[in-house]
Amino acid sequence: MPVFHPIDVDEAVELLARRGPRRILAGGTDEMVRINHGAAVGEGEEIVCLNNITELRSWAFESDRGVLVIGAAVPWTELASGAIATLCPSLAEAARTVGSPQIRNAGTLGGNVATASPAGDGLCAAVALDAVAVIRSAAGSRRVPVAELVTGPKQTGLGPEELITSFEIPLTEGYQGYAKVGVRNAMVISIAGACLVVDEQHGISRLALGSVGPTILRCPEAEPLITDVILNRSGNTARLDEIVDSVRSAARPIDDHRATADYRRHAVGVLARRLVTRAISAREENNT
Ligand SMILES: Cc1cc2nc3c(=O)[nH]c(=O)nc-3n(C[C@H](O)[C@H](O)[C@H](O)COP(=O)(O)OP(=O)(O)OC[C@H]3O[C@@H](n4cnc5c(N)ncnc54)[C@H](O)[C@@H]3O)c2cc1C
């Protein structure tokens, strides 16, 4: 198959706009698995590889806008530690749970979001963080919240000529964390995942759930309860139980080869309780 290695975004979107089928390749940790499992490359199909586009592999904190801009092809290893992890701990925690060191060296947030798996660890964090995908094509650019870009299991609103160039993440003050449950501790696709982001400045929380629905789910009923418990120190067992019940009601899991729906619903409640408890402890530590 012909593989092109554009060196900048303009060249990449020109290649994607050419007549005939095109396929984007970033780390290849999803796409090459699909190809190896028979997702044949079509007649005349060309691969557009993102590896040589420096702009997609870098990140910056734009202090004037309070926004972290992460290139779509920044690998998990880079998201998992260093300054970026300090700025965005929940994404770093999600990054650390992805696959193995080899997968984290190659795989990217852009590939995770574009794959749109309900089990995508980075996708779950991106939804909780209110991340916006910056999308380019030869026709121009647009910005779409990640929560809206992903429309169903393995489905997105991305056109065939479109490339995600970066993610814009508004930075918040307050606890954030990611947790997941799988059949073992490493190299595991989640059975349930949850990401909590508390925005103290605006007095809101966002809780995103992975692997318990057709796509990443938010918890509109539990979120105000979570905010209240964390910011007003009104946490007691009954209130935590109320949050857990509300999170379990928001989940829409199915039985599959990894777990039953019942177990997923149970597990996601456990994760929510764990994250809220961590948020309460983190706040108490900061205030002492
Ligand atoms: C052994 C193994 C373990 C794994 N473990 C986990 C795990 O624990 N958690 C998890 O979430 N995932 C896991 N994965 C899945 C995979 O590693 C991640 O989803 C990864 O983030 C995909 O990124 P990539 O750069 O490799 O994507 P690629 O495979 O290169 O691309 C994936 C899809 O996204 C499209 N795409 C890529 N970049 C862009 C872009 N910038 N714009 C538009 N479309 C784009 C491609 O065309 C393709 O359709 C695992 C995979 C393997 C093989």
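Cut-offs and rules
- Every residue gets a number counted from 1 within its own chain, in the order that chain's sequence is written.
- Only residues with pLDDT of at least 70 are given local features in this predicted model, and only at 80 or more are side-chain atom pairs given and counted; all residues enter the totals for whole chains, interfaces and linings.
- Excluding hydrogens and water, the side-chain values take into account all heavy atoms of the structure.
- Put simply, DSSP H or I for four residues or longer makes a helix, DSSP E for two residues or longer makes a strand, and each gets a number counted from the N terminus.
- The globule rule is 2.2 Å times the number of residues to the power 0.38, and the radius of gyration it is compared with is taken over C-alpha atoms.
- Classification of residues uses two cut-offs on accessible area relative to the type maximum, computed with a 1.4 Å probe and protein chains only: under 20% is buried, over 50% is exposed, and between them is partly exposed.
- Within this document, salt bridges are pairs made up of a side-chain nitrogen of Lys or Arg and a carboxyl oxygen of Asp or Glu, the two lying within 4 Å of each other.
- Here a strand pair is declared whenever DSSP counts at least two bridges between the two strands.
- A contact between two residues is defined here by any heavy atoms of the two lying within 4.5 Å.
- Put simply, buried Ala, Val, Leu, Ile, Met, Phe, Trp, Tyr and Cys residues joined by side-chain atoms within 4.5 Å make one nonpolar core.
- In this document the domain limits rely on a domain assignment from an automatic tool or a database.
- If even one non-hydrogen atom of a residue comes within 4 Å of a molecule or strand, that residue is called near it.
- Two N or O atoms count as a polar contact when they lie within 3.5 Å, although within protein this holds only if one can serve as hydrogen donor and the other as acceptor, and sequence-adjacent residues are included solely when both atoms are side-chain atoms.
- Each accessible area is a Shrake-Rupley estimate made with a 1.4 Å probe; only the visible protein chains count as cover when residues are assessed.
- Only Asp, Glu, Lys and Arg are considered charged in this grouping, and only Ala, Val, Leu, Ile, Met, Phe, Trp, Tyr, Cys and Pro are considered nonpolar; every other residue, Gly among them, is considered polar.

**Q** Got a sec to walk through the overall build of the chain? Specific residues and values, please.
**A** Regarding its fold elements, the chain presents 12 helices and 14 strands. Compactness check: the chain gives a C-alpha radius of gyration of 19 Å against a globular reference of 19 Å for 288 residues, within 12% of the reference. Structurally, the chain occupies a C-alpha span of about 60 × 45 × 30 Å along its principal axes. Expressed as a percentage of its 288 residues, the buried residues of the chain come to 50%.

**Q** Can you break down the pattern of salt bridges residue by residue, with the values?
**A** For the structure shown, the criterion picks out 18 salt bridges. In this structure, Glu 46 engages Arg 22 in a salt bridge whose closest nitrogen and oxygen atoms are separated by 3.1 Å. Of the two residues, Glu 46 sits in strand S3 (residues 46–49) while Arg 22 sits in strand S2 (residues 22–25), which places them 24 residues apart along the sequence. Residue Glu 46 shares its accessibility class with Arg 22, and that shared class is buried. Across the pair Arg 34 and Glu 31 runs a salt bridge whose closest N-O atoms are separated by 2.8 Å. Here Arg 34 and its partner Glu 31 are both found in helix H2 (residues 31–36), three residues apart, which amounts to about one turn of the helix. Arg 34 gets classed as partly exposed once you look at its relative accessible area, which sits at 34%. One network of salt bridges, with partners in common, ties together Arg 23, Glu 31, Arg 34 and Glu 45.

**Q** I'd love a proper account of the pairing of strand S13 (residues 204–210), names of residues and values included.
**A** Here S13 lies mainly inside the structure; six of its seven residues are buried. Here strand S12 (residues 192–199) pairs with S13 via seven bridges, running antiparallel. When the bridges of S13 are listed, Gly 193 appears paired with Gly 210. From the end of S12 to the start of S13, which pair antiparallel, there are four residues, and Gly 203 there has a positive phi angle of about 60°. Summarising the sheet, S13 and strand S14 (residues 217–218) pair through two bridges and their orientation is antiparallel. When the bridges of S14 are listed, Leu 209 appears paired with Leu 217.

**Q** Tell me about the side chain of Thr 165, and please be specific about residues and values.
**A** Residue placement: Thr 165 occurs in strand S10 (residues 163–170). Given a relative accessible area of 8%, Thr 165 falls into the buried group. Those residues within four positions of Thr 165 in sequence are excluded, and the remaining contacts are Val 9, Leu 56, Ile 70, Gly 71, Ala 72, Val 134 and Arg 136.

**Q** Lay out the nonpolar core in plain terms, naming residues and giving numbers.
**A** Counting residues in hydrophobic clusters, the biggest one holds 38 residues, and the most contacted among them are Leu 79, Leu 91, Val 113 and Val 146. Per element, the largest residue contribution to this core is six residues, and it comes from helix H8 (residues 121–128). Here this core spans two domains, since at least three of its residues come from each of domain 1 (3–170) and domain 2 (176–287). Other than its neighbours up to four places away in sequence, Val 146 contacts Val 113, Leu 123, Ala 126, Val 127, Ala 131, Val 132, Ala 133 and Phe 167. Ala 192, Leu 217, Leu 240 and Val 268 belong to the second largest nonpolar core, which has 30 residues in total.

**Q** Tell me about the site of the ligand, residues and numbers included.
**A** In the region of the ligand, 34 residues are neighbours, and Ile 24, Thr 29, Asp 30, Thr 108 and Asp 121 sit closest. At a separation of 2.8 Å, an oxygen atom of the ligand approaches a polar backbone atom of Gly 28. Interatomic distance of 3.0 Å between a backbone N/O atom of Gly 99 and an oxygen atom of the ligand. For the ligand, whose free accessible area comes to 980 Å², the fraction covered by protein is 88%. Of all the secondary structure elements, the ones that give two or more residues to the shell around the ligand are S2, H2, helix H7 (109–115) and S10. The biggest single contributor to the shell around the ligand is H7, with five residues. Its residues assigned to classes, the shell around the ligand comprises 17 nonpolar, 12 polar and five charged.

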